[in-house]
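# Topology and contacts: notes
Chain residues, written in single-letter form:
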Amino acid sequence: MITAPESKTISSVMSQPKSEWKLPQLVTELPGPNAQRVLEQDAKFMSPSYTRDYPLVAKRGRGAVVEDVDGNMFLDFAAGIAVCSTGHCHPKVVVAIQEQAAELIHMSGTDFYYENMPRFAEKLAATVPGPEAKKVFFTNSGTEAVEGAVKLARYATKRDKFIAFYGGFHGRSMGSLSLTASKSTQRKGFGALLSGVEHIPYPYAYRCAHGHTAETCGAEILEQLEGQIFKRLFDPEEVAGIIIEPIQGEGGYVPAPDFFLQELQRICRQHGIMFIVDEVQSGMGRTGKWWACENSGIEPDILCSAKGIASGMPLGAFIARESVMNWKPGSHGTTFGGNPVCIAAGLATFDLIESEYRENAREIGEYIFQKTGGWTNKYKIVGDIRGRGLMIGIEIVHDQKTKEKGADLRNHIVDLAFRRGLCILGAGENTLRLSPPLLIDRQQADAALAILEQCIREVEGKA
């Protein structure tokens, strides 16, 4: 158990200037007494469906550091599941929220107009690849963005079938859950979901059944789609959309090969199928570009966004080609989507990502990949390191030759990291997920990697 020196007091940590909120500082055993009281209250009143990997009770955050209710400070490499893109409580985002909240909180963008809604939509639309003009619909979350994309694809094509991928996560509401195939527990107990959805394998290079590399994995999947799915299950002329994450999030931070995405786009274009890219976790600068799909040179018909779009405020969007998003008034709507306060946060977030943090994500991401490049040789339980920018997955295995999944080892590493002041999360069955705020610097990257190495060494020594 890590504790701070006796001379370090909780009050001194809490009174630190923001400029010093950079590295972990632990002042109590974990969880501390205040956290323990919250955990007891939570167990009594909150739904047991929430998943918590460790007992962090957050009180405040600045930059890439979160302070808990006992004054312990953690380096945050989870960012609220890749949400706090500009860090916690960025001053420019806070000012934007405060000023908007003092002026107008809600009128409903479905029935009335907001000045900043089209302003933000114009900025977002300009980032999505492809020559055709785009239109935007604002939602409250990622799952709502996916639900809207499903409706739009059906409306635009007059078809009702969808293709999604094993390992994919697209949300938990009933329509998006029908596309999700990440964990059975997410679907268990909810009965029949949306009909007309078929799943196919995702190109997972580290575990490619055909021995392909990260550049070539997936050719057989495309053959299965065209040679089996389209001939035996769904005629392609009945398929409204194919939805894919360019980098699977909950599936284990697995990037799809460029050629695979390009071929998938070709197939969609050939058959008039909507090519839907789910960038809820991978978008908004996280990979060093606005959208992960830009790395592969593809142009989606519909793109879904949320998470990092507004630095923690509940906002999502789906963006489509103008010729696709031409549905009639009343075809789709929302009470809270595009809320003025969330849009204000989104505009501030966009400007920060555009001016600083997109490039920082690329630079620090490259630095982390360089620092971890030898880990698969250095540590026998590290099987693979992959991703782009600051969307990095480290797959943990029991044996590098057999690639036996080390879910128990991964979970132990996540817990140890917390107890050393580093917040990370798992992804997939056995992968460590690094998704820090896009503003982290090299000092913070070094600190996180040092803690992570300590944890890997300890767990490996007991394996």
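Cut-off values and rules
Residues numbered from 1 in each chain as written. Predicted model: local features only at pLDDT ≥ 70, side-chain atom pairs only at ≥ 80, totals over all residues. Heavy atoms only, no water. Helix = DSSP H or I, 4+ residues; strand = E, 2+ residues; numbered from the N terminus. Rg over C-alpha atoms; globule rule 2.2 N^0.38 Å. Contact = heavy atoms within 4.5 Å. Areas by Shrake-Rupley, 256 points an atom, 1.4 Å probe, with all protein chains shown as cover. Lys, Arg positive; Asp, Glu negative; His and termini not counted. Charge placed at Lys NZ, Arg CZ, Asp CG, Glu CD. pLDDT = per-residue confidence, 0-100. Patch = residues over 30% accessible without salt bridge, like charges linked within 9 Å, V, L, I, M, F, W, Y side chains within 5 Å. Salt bridge = Lys/Arg side-chain N within 4 Å of Asp/Glu carboxyl O. Buried < 20%, exposed > 50% of the residue type's maximum accessible area, 1.4 Å probe, protein only. Axes fitted to C-alpha atoms, helices over the stretch in contact; angles between N-to-C directions. Parallel < 35°, antiparallel > 145°, perpendicular 65-115°, else oblique. Left-handed = near helix turned anticlockwise from the far one by under 90°. Nonpolar A, V, L, I, M, F, W, Y, C, P; charged D, E, K, R; others polar. Pairing = 2+ DSSP bridges. Expected span 1.5 Å × (residues − 1). Bend = angle between axes of the 7 residues up to and from the residue. Polar contact = N/O pair within 3.5 Å; in protein donor to acceptor, adjacent residues only side chain to side chain.

## Some points on the overall build of the protein chain
From N to C terminus, the protein chain includes 13 helices and 18 strands. Its C-alpha atoms give the protein chain a radius of gyration of 22 Å, near enough to 23 Å, the size a compact globule of 463 residues would have. In terms of overall dimensions, the protein chain has C-alpha extents of about 70 × 60 × 45 Å along its principal axes. Across the protein chain, every contact between residues at least 6 apart in sequence was considered, and the portion connecting residues at least 24 apart equals 73%. For the protein chain, the accessible area works out to roughly 19900 Å², and carbon and sulfur atoms hold 51% of it. Taking the average place of the 50 positive charges on the side chains of the protein chain and the average place of its 55 negative ones, the gap between the two points comes to 2 Å.

## Overview of the confidence of the model for the protein chain
Summarising the model, the protein chain shows a mean pLDDT of 94, and 96% of its residues fall at 70 or more. Here residues 1-15 scores under 50 on pLDDT; set against residues more than four positions off or in separate chains, the count is 26 contacts.

## Description of a nonpolar patch on the surface
Together, F45, M46 and Y50 make up a nonpolar patch on the protein surface, roughly 350 Å² of accessible area in all. You can see F45 is positioned in helix α2 (residues 33-45). Under the relative-accessibility criterion, F45 is labelled exposed at 58%.

## Brief notes about the pattern of salt bridges
In total, this model carries 25 salt bridges according to the counting rule given. R266 is the salt-bridge partner of E263, the closest N and O atoms lying 2.9 Å from each other. Here E263 pairs with R266, and both are found in helix α9 (residues 258-271), just three residues apart, close to one helical turn. Its relative accessible area of 28% is what places E263 among the partly exposed residues.

## So, the environment of A427
Topologically, A427 is positioned in strand β17 (residues 425-427). Linking A427 and E460, residues 33 residues apart in sequence, is a C-alpha distance of 19 Å. Those residues in contact with A427 that lie beyond four places of it in its chain are G249, E250, G252, Y253, R410 and R433.

## Here we look at the packing of helix α4 (residues 91-101) against helix α10 (residues 340-372)
At a minimum axis distance of 8 Å, the contact between α4 and α10 shows a crossing angle of 155 degrees. As the angle between them shows, α4 and α10 are arranged roughly antiparallel. The way α4 lies across α10 gives a crossing that is right-handed. Mapping the contact onto sequence places K92, V93, A96, I97, Q100 and A101 in α4 and P340, V341, A344, A345, A348, T349 and L352 in α10.

## Description of the environment of G167
The residue G167 is located in the loop between β5 (161-165) and α7 (174-179) in this model. On a C-alpha basis, the gap between G167 and V254 in space is 9.3 Å, while along the polypeptide they are 87 residues apart. When residues no more than four places from it in sequence are discounted, the contact partners of G167 are A181, S182, E245, Q248, E250 and G251.

## Concerning the packing of α10 against helix α13 (residues 442-462)
The angle between the axes and the distance between the axes are what describe a pair of packed helices. Between α10 and α13, the shortest axis-to-axis distance is 10 Å and the interhelical angle comes to 35 degrees. Handedness of the crossing formed by α10 with α13: right-handed. For the pair formed by α10 and α13, the contact residues are E363, I364, Y367, I368, K371 and T372 on the first element and R442, A445, D446 and L449 on the second. When grouped by side-chain class, the residues that make up the contact of α10 with α13 number five nonpolar, one polar and four charged.

## With respect to the pairing of strand β3 (residues 73-76)
Of the two faces of β3, both are covered, the one formed by M73 and L75 as well as the one formed by F74 and D76. Hairpin connection of strand β2 (residues 65-68) to β3: four residues between the antiparallel strands, including G71 at a positive phi of 90 degrees. Bridging between β3 and strand β16 (residues 422-423) involves two bridges; their strand directions are parallel. The residue bridging D76 from the neighbouring strand is C423, located in β16.

## With respect to the side chain of N339
As for its placement among the helices and strands, N339 is situated in the loop between β12 (316-321) and α10. Leaving out residues up to four positions away in the same chain, N339 has contacts with I105 and H106.

## Points about α10
For α10, which comprises 33 residues, the first-to-last C-alpha distance of 42 Å sits more than 12% below the rise-based estimate of 48 Å (1.5 Å per residue). Largest kink in α10: about 60 degrees, centred on I353. By the N-cap criterion, in which a side-chain oxygen at the helix start approaches the backbone nitrogen of a residue two or three places on, α10 is capped by N339, the distance to V341 being 2.9 Å.

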